[in-house]
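Summary of structural features
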Amino acid sequence: MGSSNYVGFALFLSVIALISPLFYAVEVSHDGRAITIDGERRILLSGSIHYPRSTPEMWPDLIKKAKEGGLDAIETYVFWNAHEPVRRRYDFSGNNDLIRFLKTIQSEGLYAVLRIGPYVCAEWNYGGLPVWLHNMPGIEIRTANDVFMNEMQNFTTLIVDMVKQEKLFASQGGNIILAQIENEYGNVMASYEAAGKAYIDWCANMAESLDVGVPWIMCQQDDAPQPMINTCNGFYCDSFTPNNPNSPKMWTENWTGWFKNWGGKDPHRTAEDVAYAVARFFQRGGTFQNYYMYHGGTNFGRTAGGPYITTSYDYDAPIDEYGNLNQPKWGHLKQLHGVLKSMERTLTHGNITSIDQGNGVSVTIYATNETSSCFIGNTNTTGDATVTFQGSEYNVPAWSVSVLPDCKNEAYNTAKLNTQTNVMVKRENQAESEPVALRWTWRPETTNDTVQLGKGHVAASHLVDQKVINDISDYLWYMTSVNIKENDPLWSDDMSIRVNGTGHVLHAYVNGEYIGSHWATYGIFNYVFEKKVKLHPGKNQITLLSATVGFQNYGPKFDMIESGLPGPVELIGRKGDESVIKDLSSHKWTYEVGLHGLENKVYSLDSRYASKWQAERLPINRMMTWYKTTFKAPLGTDPVALDLQGMGKGEAWVNGQSIGRYWPSYLAEEDGCSTEPCDYRGEYGSSKCVSNCGQPTQRWYHVPRSFMTNDVNTLVVFEELGGNPSLVNFQTVAAGTVCGNAYENKDMELSCQGRPISAISFASFGDPQGTCGSFYKGSCEGGNGALDIVRKACVGKENCSIQASEDVFGSTNCSSTAKRLVVEAIC
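Residues numbered from 1 in each chain as written. Predicted model: local features only at pLDDT ≥ 70, side-chain atom pairs only at ≥ 80, totals over all residues. Heavy atoms only, no water.

**Section: the UniProt feature "domain: SUEL-type lectin" (unreviewed entry) in the protein**
If you check UniProt for "domain: SUEL-type lectin" (unreviewed entry), the listed places come out as residues 742-827 in our numbering. Note that residues 742-827 is 15% helix and 31% strand, and that its end C-alpha atoms are spaced 19 Å apart. (UniProt positions renumbered as here; feature names shortened; annotations may be inferred. Helix = DSSP H or I, 4+ residues; strand = E, 2+ residues; numbered from the N terminus.)

So, in structure tokens, the structure goes:
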């Protein structure tokens, strides 16, 4: 067989850690039903964790929690612009240590899926492509272009050779079972016409020539050339069919939530709906399913793309941005994974029979000579279903799937939560009394050369795209001057400047005076800034500062979307109904890259400019200002969040390490939120179940513990728009309240994730009503006193488990109602 069919693989154990993994042959089955591992057909459950969005110190805990959640594999992109920020200069240190990340996965006995791309999208700056590509002569990106293909092949080969050297492909005894070339190209291929098809064929041939010994996949590529395996991305992929009947049915991105943009609301996808999508996928023949994201993480530095993607990439994932379990999503999916694994042999070997019972209800039977397993699905969005099957009745709620491993007993239903819900809280820094304890110093960003004098290092008689500076800074100064005489046709008492920009931030100055700023909203690539100006006879200095907020990362020919100030830049003189326009676009423009403070690294503890800070007359709401303070790291081990309320827009560093762009002054849209509990029923979309309307898009910023020391730490912020640091403070993030839920004869489990349960504020067995934080008793109740029983079993313990049954809580009169145990505990 060819290299696409055989790979080496670890002896598969999904729960027990492999101390010394042994690796055997792996073959992608030719019946499209499964991946065969060491002679056994398997179904695979995977989750995306992107190594640059967390820190090496976080990786073991994140991967361990993924394994405890029932995953078999970790999927990650490879970020070209992170590893080759300058052509032929490579960086695989710190967060970019790909090999260390893969070996950390391997040490937990998990498999890896390596999505090399190297275009990744991922809401990452420029889709993961290095911006220097844009400036290479003769290049066209992501199409049949020799310049681009040579660079792509060079980087892809570099990654493959690195991985081979460490023997990490399964064919070498490693844990990488799949590799991906390109990414979601099928979504945009039509815009490249014939060259697009030629390019994707080249991608397939190039990938095969690298002889990695594991199958290559192409997601969202319906015409993927053989032997590439095409895969599905989306909220639901149960109806997806591979383009080759011999290919397994694979889902590379099950979107567990959605990303957030500046000005956007907080997205939420319910645990019930994610579980429904997974169960439907395996009901209909799925083989491999990956959560995107399983842990989203943080866009440190300037890595967020979009533009306008927030620093947080939490994604409402099963493990949150800080590394905490996002309950009930994590636990509800863990239970589903366990049930699916118990049916693995039947799912991969059984004959399939599907029975359509009408009105959106279907039964699927997987049967071998030894046993059978069943799914009962109800796609109705409002009506529950009572299903009669093999002489028994089953209640299947709307928009849910019941899983019966023995085709008799319901072991799991996607709409019935039998896991806890965590309510996360922020706690004040116990190491010192903040924000009062923070003593701030400051320094201005020096702008005299640019704002007043128009000095720069490069000149041109045209306006440039900001990508010309190869993304070495968010900031580019555009400067020109214009001589105006009083007899100039332009001259009037009513003059203005008009600038056509491209969606990012603009700050405008005329004759050394700030006249205003402008930015567009997410998804808007062009805007017009116009402001009245006072010019004087003779020379007038015009200075425009463009600030990017991440380059475009997705769409057909996304690399050609202009960034910065493409113009025109015009002066307008109005006299009555007449207007005279002077186009300055072809004037001599002088350019200066970045800011003095960034160039001098004043955020670094090693900077020779670190002493030039002043404590007197601390300014607030002042543009272009640096602030610095020292702080004590919060006590304990809980994750740390920096509260930047009161600040405008800028970037922040802790001990010289960037925690990303901040913009708390950008409020989320006012409309679209609901106070009603989210209804999981019906198809999910990014505007469903949103929250945080009218509030700062992102107020809290993750500071990894590894960025801090146990002694004195330094926080530096660069404030671009103007803010007040007096409210800034550090807090910890932990579960404050946990609410357990279990249906009758299931176990109710509670955990405060490392701290003891201090109190039980509510407990009821029967038909309790409400939601976590506002429960109340229903019309029936067990007779044994649920509150006392739960208090005795749980208070003072880090975790506890109680069976939800009448044997424990006493009989009820809930004759026609599904009974459940609900508990609310304080951590």
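This is not the end of the story, as more comes after the structure.
**Notes on the sheet that holds strand β14 (residues 361-367)**
Strand order in the open sheet formed by five strands is β13-β14-β15-β18-β19, and the pairing between neighbours is antiparallel. The open sheet has two edge strands with one neighbour each: β13 (351-358) and β19 (412-413). Against the sheet, helix α6 (residues 271-283) contacts β14, β15 (372-378), β18 (400-404) and β19, and its axis sits at roughly 55 degrees relative to β14. (Pairing = 2+ DSSP bridges. Contact = heavy atoms within 4.5 Å. Axes fitted to C-alpha atoms, helices over the stretch in contact; angles between N-to-C directions.)

**With respect to the state of the cysteines**
Throughout the structure, instances matching the rule amount to eight disulfides. The disulfide bridge from Cys739 ends at Cys772, spanning 2.1 Å between sulfur atoms. Residues Cys739 and Cys772 are joined through a disulfide that is right-handed, its torsion about the S-S bond being 75 degrees. One end of the pair, Cys739, is in strand β38 (residues 729-743); the other, Cys772, is in the loop between β40 (759-766) and α11 (786-794), with 33 residues separating them in the sequence. Judged by its relative accessible area of 3%, Cys739 is buried. Cys772 sits in the partly exposed class, given a relative accessible area of 23%. The disulfide partner of Cys780 is Cys814, and the S-S distance across this bridge is 1.5 Å. (Disulfide = S-S within 2.5 Å. Buried < 20%, exposed > 50% of the residue type's maximum accessible area, 1.4 Å probe, protein only.)

**As for the sheet that holds strand β7 (residues 111-117)**
Read around the closed barrel, the eight strands follow the order β5-β6-β7-β8-β9-β10-β11-β12; overall the barrel is parallel. Strand-to-strand twist of the sheet, defined as the mean angle between neighbouring strand axes without regard to direction, takes the value 30 degrees. Strand contacts of helix α4 (residues 146-165): β7 and β8 (176-181), with the helix running at about 160 degrees to β7, the strand carrying the most contacts.

**Comments concerning helix α3 (residues 98-107)**
Counting buried positions along α3 gives seven out of 10 residues, so the element sits mostly inside the fold. Burial in α3 covers these residues: Leu98, Ile99, Phe101, Leu102, Thr104, Ile105 and Gln106. Phi turns positive one or two residues past the end of α3, at Gly109, with a value near 75 degrees.

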